[in-house]
Amino acid sequence: MIRFQEIIGQQQIKDHLQSALEQNNISHAYLFCGDAGSGRHTMAMAFARALLCENPTEHHDACGNCKSCKQAASANHPDIHIITHEKFNIRVDEIREQLNNDIQIKPYSSPYKVYIIPDAHRMNEQAQNALLKTLEEPPAYAVIILLADNESSLLPTINSRCVKLQMNPVSKEEISAYLVNKLQMEKDVADIAAGFCQGNIGQALRFAQSEDFQAMKDQVLGLLKQIDDMPLYSIMDVIRSFAKDKGNFYDYLDLMLLWYRDILMYKATKDTNLLLYRDEYTAITKQASKRGYEDLERIIEAINKVKIRLDANVNFELAIELMLLVIKD
């Protein structure tokens, strides 16, 4: 069961919520903003559990042992409701049935009744307007928590009625330490996963627990260590093989980004301790000696542009060729 004390980073948000619990100053609506994997759902559940806990700790965290905590841990708490949706968008009938109609029923066993809306940014306008009616006059016991990528996807009238809390990227050091201490990862692998996830703890955990992560890293390094000596068509063949795993293709690109950032870092500092791919010191120093700062910055920009182009449905072959022309230039 996740509690505040077990959440990595996000100290400012934890302090805010625990202070609200201490002062019994609970808002009727919260908006947790952050990318998928940023920990917004974990934070919302930790808050809900602390709010409903029968014997909270002196730091206003859930005790983990009372009936309420055990019900929450088993996803069987009668006063915690997670709003679900069948299709990509959250429709008005789903908000009405699961929240508006239900919220008039008093809590079953707790002083509060908590509603969590994952992917709140996917509510269509009708669903948001339906929610707004409840936010304008919520029952005294109601706490509604919206989880969204960002606030701009929600109506200004909804934003104005919520306490907004922004999930920030977690430091690489904190993520790496967690992976080593909690999941017994080798430090070098943990450092790469932490650097790769760019502060997103969910993504770090996904890769730490994935058997494919090491294989993906080995594939990318196998390409990049010899890319200067390979003809363009051979490089394209390798990248096409990456693209067969469409769900992970952007992850391959991110691993490539880390490689060129390592080269740039070494070129600027000559400090191998700052490298994520420390085991590849020889290949990194070799490429650092051959490429200038502007060349490396152009390569990093070109890899980032591939993602933007593919999101815009630009032809795959064209997008990759433009990137490779910069790398091979």
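Right above here is the structure, for reference.
Overview of the structure. Since the model is a prediction, treat every value here as computed from it, not as a measurement.

## Section: the overall build of the protein
Next, step 1: Along the backbone of the protein there are 15 helices and five strands.
Next, step 2: If you line up the protein on its principal axes, its C-alpha atoms span 70 × 40 × 30 Å.
Next, step 3: Carbon and sulfur atoms make up 47% of the accessible area of the protein, which amounts to about 16,600 Å² in all.
Next, step 4: Measuring between centres, the 36 positive side-chain charges of the protein sit 1 Å from its 45 negative side-chain charges.

## Regarding the packing of aromatic side chains
Next, step 1: Counting across every chain of the model gives six aromatic pairs.
Next, step 2: Joined through ring pairs, the aromatic side chains of Tyr30, Phe32 and Phe47 make up one cluster.

## Structural notes on helix α2 (residues 40-52)
Because an α-helix packs 3.6 residues into every turn, residues spaced three or four apart end up facing the same way.
Next, step 1: Counted at 1.5 Å a residue, the expected span for α2 with its 13 residues is 18 Å, and the 18 Å between its end C-alpha atoms agrees.
Next, step 2: The element α2 is largely enclosed, with a buried count of 11 among its 13 residues.
Next, step 3: Where α2 is concerned, the buried positions are Arg40, Met43, Ala44, Met45, Ala46, Phe47, Ala48, Arg49, Ala50, Leu51 and Leu52.
Next, step 4: Elements that come into contact with the buried residues of α2 comprise α1 (11-22), β1 (29-33), α3 (67-73), β2 (80-82), β3 (113-117) and β4 (142-148).

## Notes on the pattern of salt bridges
Next, step 1: In this structure the tally under the stated criterion is 17 salt bridges.
Next, step 2: For Glu136, the salt bridge is made with Arg161, and the minimal N-O distance between the two is 3.8 Å. With a gap of 25 residues between them, Glu136 in helix α5 (residues 125-136) and Arg161 in the loop between α6 (156-159) and β5 (163-166) connect regions that are remote in the sequence.
Next, step 3: Residue Glu136 is classed as partly exposed on the basis of its relative accessible area, which comes to 44%.
Next, step 4: Arg161 gets classed as partly exposed once you look at its relative accessible area, which sits at 35%.
Next, step 5: Notably, a salt bridge pairs Lys187 with Asp191, separated by 2.9 Å at the nearest N-O pair. In this pair, Lys187 and Asp191 are both assigned in helix α8 (residues 187-196), four residues apart and thus about one turn of the helix distant.
Next, step 6: Of the residues examined, Asp191 reaches a relative accessible area of 10% and is grouped as buried.
Next, step 7: Three or more residues are tied together by salt bridges with common partners; here these are Arg40, Asp119, Arg122 and Asp149.

## A short note on the nonpolar core
Next, step 1: In this structure, Ile239, Trp259, Tyr260 and Met323 are the most contacted members of the largest nonpolar core, which totals 56 residues.
Next, step 2: Ranked by the residues each element gives to this core, the list is headed by helix α12 (residues 249-269), at 11 residues.
Next, step 3: Discounting residues that sit within four places of it in the chain, Ile239 has contacts with Leu223, Phe249, Phe316, Ile320, Met323 and Leu324.
Next, step 4: Residues Phe4, Ile26, Ala50 and Ile116 belong to the second largest nonpolar core, which totals 28 residues.

Rules behind the numbers
Residue positions within a chain follow its written sequence, with the count starting from 1. Reporting in this predicted model follows two pLDDT cut-offs: at least 70 for local features of residues, and 80 or more for side-chain atom pairs to be given and counted; totals over whole chains, interfaces and linings ignore these cut-offs and use all residues. Side-chain calculation: all heavy atoms of the structure are included, whereas hydrogens and water are not. Helix and strand assignments follow DSSP, with helices taken as H or I runs no shorter than four residues and strands as E runs no shorter than two, numbered in order from the N terminus. Accessibility throughout is a Shrake-Rupley quantity obtained with a 1.4 Å probe, and a residue counts as covered only by protein chains that appear here. The convention is simple: Lys and Arg are positive, Asp and Glu are negative, and His and the chain ends are not counted. One atom stands in for each charge, and that atom is NZ of Lys, CZ of Arg, CG of Asp or CD of Glu. Note on aromatic contacts: the rings of Phe and Tyr and the six-membered ring of Trp form a pair at centre separations within 6.5 Å, being stacked when their planes are under 30 degrees apart, edge-to-face when over 60 apart, and tilted otherwise. Under the convention used throughout, the expected extent of a helix is 1.5 Å for every residue step, that is, one less than its residue count. Per-residue accessibility, obtained with a 1.4 Å probe over protein chains only, is compared with the maximum for each type, and a residue is labelled buried under 20%, exposed over 50%, and partly exposed between these values. A contact between two residues is defined here by any heavy atoms of the two lying within 4.5 Å. For this analysis, a salt bridge means a side-chain nitrogen from Lys or Arg found within 4 Å of a carboxyl oxygen belonging to Asp or Glu. The nonpolar core is taken to be a set of buried Ala, Val, Leu, Ile, Met, Phe, Trp, Tyr and Cys residues, with the residues joined through side-chain atoms within 4.5 Å.

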